[in-house]
Amino acid sequence: MSPLNIHKGIVIPLDRANVDTDAIIPKQFLKSIKKTGFGPNLFDEWRYLDHGEPGQDNSKRRTNPDFVLNIPRYKDGSILIARENFGCGSSREHAPWALLDFGIRVVIAPSFADIFYGNCFKNGILPITLDKITMDHIFTKVEKKIGYEITVNLQKQKIYYDSETVSFEVDSFKKSCLLDGLDDIGLTLKNKINIENFEKKYHESFPWLNGEES
Amino acid sequence: MGISLYEKVFNRHVVQKDENTYLLYIDRHLVHEVTSPQAFEGIRISNRNIWRKNSIIAVPDHNVPTTDRTVKIKDPISRIQVETLDKNCEEFDLLQFKMNDRRQGIVHVVGPEQGSTLPGMTIVCGDSHTSTHGAFGAIAMGIGTSEVEHVLTTQCLIVNKFKTMRVKVNGDLQYGVTAKDVALEIIGKIGTAGGTGHAIEFTGTSIQSLSMEGRMTLCNMAIEAGSRVGLIGVDDKTIEYIEDKPLAPKGDLWEKAKKDWVTLVSDEDARFDSEIEIDGSLIEPQVTWGTSPEMVVSITSKVPNPANFSDKTLSSSYQTALKYMNLKPETPINEISIDKVFIGSCTNSRIEDLRAAASIVGTKKIAKNIKLALVVPGSGLVKHQAEAEGLDKVFRNAGFEWREPGCSMCLAMNADKLEPGERCASTSNRNFEGRQGQGGRTHLVSPQMAAAAAIYGKFVDIREIN
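Residues numbered from 1 in each chain as written. Chains lettered and ligands numbered in written order. Predicted model: local features only at pLDDT ≥ 70, side-chain atom pairs only at ≥ 80, totals over all residues.

If you tally the helices and strands in chain A, you get eight helices and seven strands. C-alpha extents for chain A along the principal axes are approximately 65 × 45 × 25 Å. Burial statistics for chain A: of 214 residues in total, 43% are counted as buried. For chain A, restricting intrachain contacts to residue pairs at least 6 apart in sequence, the fraction spanning at least 24 positions comes to 66%. (Helix = DSSP H or I, 4+ residues; strand = E, 2+ residues; numbered from the N terminus. Buried ≥ 20, exposed ≤ 12 C-beta atoms within 10 Å, placed from the backbone. Contact = placed C-beta atoms within 7 Å.)

Okay, here's the thing in structure tokens:
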């Protein structure tokens, strides 16, 4: 996983609430057995006017000129802003894979769905929760200026835009994993003996759960 | 101060606590073909091992065709995914119910019917509807693929403790009102983000009156209220359901287990971070009109008018939804006609659901305007049971198609899907844009309401028929 601390980038405004993971990456693209290559199909049904299938040459498809990712001023963006309950629905990790493959490293919204929120951290994407008023403020700024950029500092838990600074909350464990790009399986396996000891005692207390019953 | 069911189950699984995060031991890991290939690949690359093979049950469900399975899967990409699961299960020596096994089906139907879902367990699966298994007094939650790999290799998950929410539903449910309607009513009330960050426990006399199938339907939809975990305390029905299931404990272990399981209820004085109360006797059959499960009204209502809402974000999302659904504000729900009907999914494809739908169908035929009405049983065993009861004949005689088990048109990863513009009465769980096929329009309902919609070609109040 690629670490993230300070990230400066162009902001892409997606002015919708309840953006679900089916919209972020439609089901036909979940058939891949890889983690990469989803970027061209990010938001496929909103981004293109025709139906997309895996393996297609996307450069030949009809794009929806009104969709934000197709508007030239946002095409190099790496910070996505959206409305409430971003990433709701399916647990598919293909959603953060698609965002990352497109080049998104930070998503900012007033709230996120739990599974998506956790999945972002596992893939080097920082999801940030800000209150609705600050979000409205940033949306207005982005609309007014072409190439509007903001800077996110994870270590300091701050966002800098124009002359303003806002703080954000983040779980300390998730933060340290993202700062260092840590593989959390490796971290957990450092506690291998604890897990083994726990498991032994646990199965003594609840012998019907040791999986040998069948 | 007493503690809640969620905390009871959580506490017995804590391996260690580090600041705000817990290393939580996982009892059961269910695996399907869509969210596991990258996890197995990760294990191969890092040269790690699977921690406890006998905690794992794998079954292909999302991509499998619901038609003739004696031939190979037509779609080459779907086929590769199903074959990849076969290969991974062989290589790592895992129990799998393969596509042509009689026990194959939707992972959340198969788990409980095999007795692999037990009270007090922690259960995970790379699928958000894992909350289903909470009906047994277990902590069951959907995880991403990175977490699938984490559980495969460490038997643990790194988690934060959820807040707790109690949703109390009291009163006798009216005739024709099901667990699905209770779920949709709750989601309509608290919204699709209402349960975010919370484990929801469902309690009250309406919940107690539900069968285990109904409780699974309700917990299944907890995720549509934003909650990764939905759960219900153990009672006699829970224990009765599990007894004699293939993987359930037997003999002495069964007796020991039962003694433990009856303690798996919230203490009377348990405190919850939030509480909601709903009068179950007032719930009517529900129909969603929009593109989020919270966009729901009762069959006696009309499609809402966005102009009546002052909140700008809400009003604009209502407008977007109505445009996508091709509905005019204030259209009575019982005037909406439909093109297709889908009875199935991990929400509503168990034997009780099929019996209920068949009882509405009786000797009637589907309406002329219905292009396709599908019944997709949740598992091979459900299908077999339904056939033994003659339900397949009821459906077939009426004009329904009777299919092989799988996720099917709930998410349309296989060949079963809506065409652009088609409108469907569906017993599944998500009415998102494009969920059942690009441009398709989904209305979520109970199995009875779906069956009635097939007969009348439009939504009808099942309390007023028969």
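From this point, the discussion proceeds with the structure in view.
What follows concerns the sheet that holds strand β8 (residues 156–160) of chain B. Residues and elements named next belong to chain B. Sheet architecture is open: three strands sit in the order β1-β2-β8, paired in antiparallel fashion. With one partner strand each, in any of the chains shown, β1 (14–18) and β8 form the two edges of the open sheet. Adjacent strand axes in the sheet meet at a mean angle of 25° when their direction is disregarded. The sheet contact formed by β1 and strand β2 (residues 21–25) spans four bridges and is antiparallel. Opposite Q16, over in β2, you have L23 as the bridge partner. (Pairing = 2+ DSSP bridges. Axes fitted to C-alpha atoms, helices over the stretch in contact; angles between N-to-C directions.)

Most of helix α4 (residues 114–121) of chain A is tucked away: eight of the eight residues are buried. Looking only at α4 of chain A, the buried set comprises D114, I115, F116, Y117, G118, N119, C120 and F121 of chain A.

Attention now moves to the environment of R215 of chain B. All names here are of chain B. Along the polypeptide, R215 turns up in helix α8 (residues 212–220). Residue class for R215 comes out buried when judged on the 26 C-beta atoms lying within 10 Å of it. The spatial distance from the C-alpha of R215 to the C-alpha of K180 is 9.4 Å, given a sequence separation of 35 residues. Leave out the neighbours within four places in its chain, and R215 touches A135, A179, L210 and I232.

So, on to the sheet that holds strand β18 (residues 423–426) of chain B. Residue and element names in this part refer to chain B. Spatially, β17-β16-β15-β18-β19 is the arrangement adopted by the five strands of the open sheet, whose pairing is parallel. The outermost strands of the open sheet, each flanked by one partner alone, are β17 (401–402) and β19 (441–444). Examined bridge by bridge, strand β15 (residues 340–343) and β18 share three bridges and lie parallel to one another. When the bridges of β18 are listed, F342 appears paired with S426. Strands in contact with helix α15 (residues 447–456) are β15, β16 (372–375) and β18; relative to β15, the strand with the most contacts, it is inclined by about 150°.

Once that is clear, we can look at the packing of helix α6 (residues 179–190) of chain B against α8 of chain B. Axes are the key here: two packed helices are described by the angle between their axes and the distance separating the axes. All names here are of chain B. Relative to each other, α6 and α8 sit at 25°, their axes nearing to 8 Å. Accordingly, the angle class assigned to the pair α6 and α8 is roughly parallel. Read as a crossing pair, α6 and α8 show a hand that is right-handed. Here α6 contributes A179, K180, V182 and A183 to the contact with α8, which in turn contributes G214, R215, T217 and L218. Residues that form the contact of α6 with α8 fall into these classes: four nonpolar, two polar and two charged. (Parallel < 35°, antiparallel > 145°, perpendicular 65-115°, else oblique. Left-handed = near helix turned anticlockwise from the far one by under 90°. Nonpolar A, V, L, I, M, F, W, Y, C, P; charged D, E, K, R; others polar.)

A word on the interface of chain A and chain B. Accessible area lost when the parts come together is the quantity often used to give the size of an interface. In this assembly, 52 residues from chain A lie in contact with 65 residues from chain B. Tallying contributions element by element places helix α8 (residues 192–205) of chain A first for the side of chain A that touches chain B, with five residues. Residue classes in the side of chain A that touches chain B are distributed as 19 nonpolar, 15 polar and 18 charged.

Don't take any of this as a statement about function, it's just geometry.
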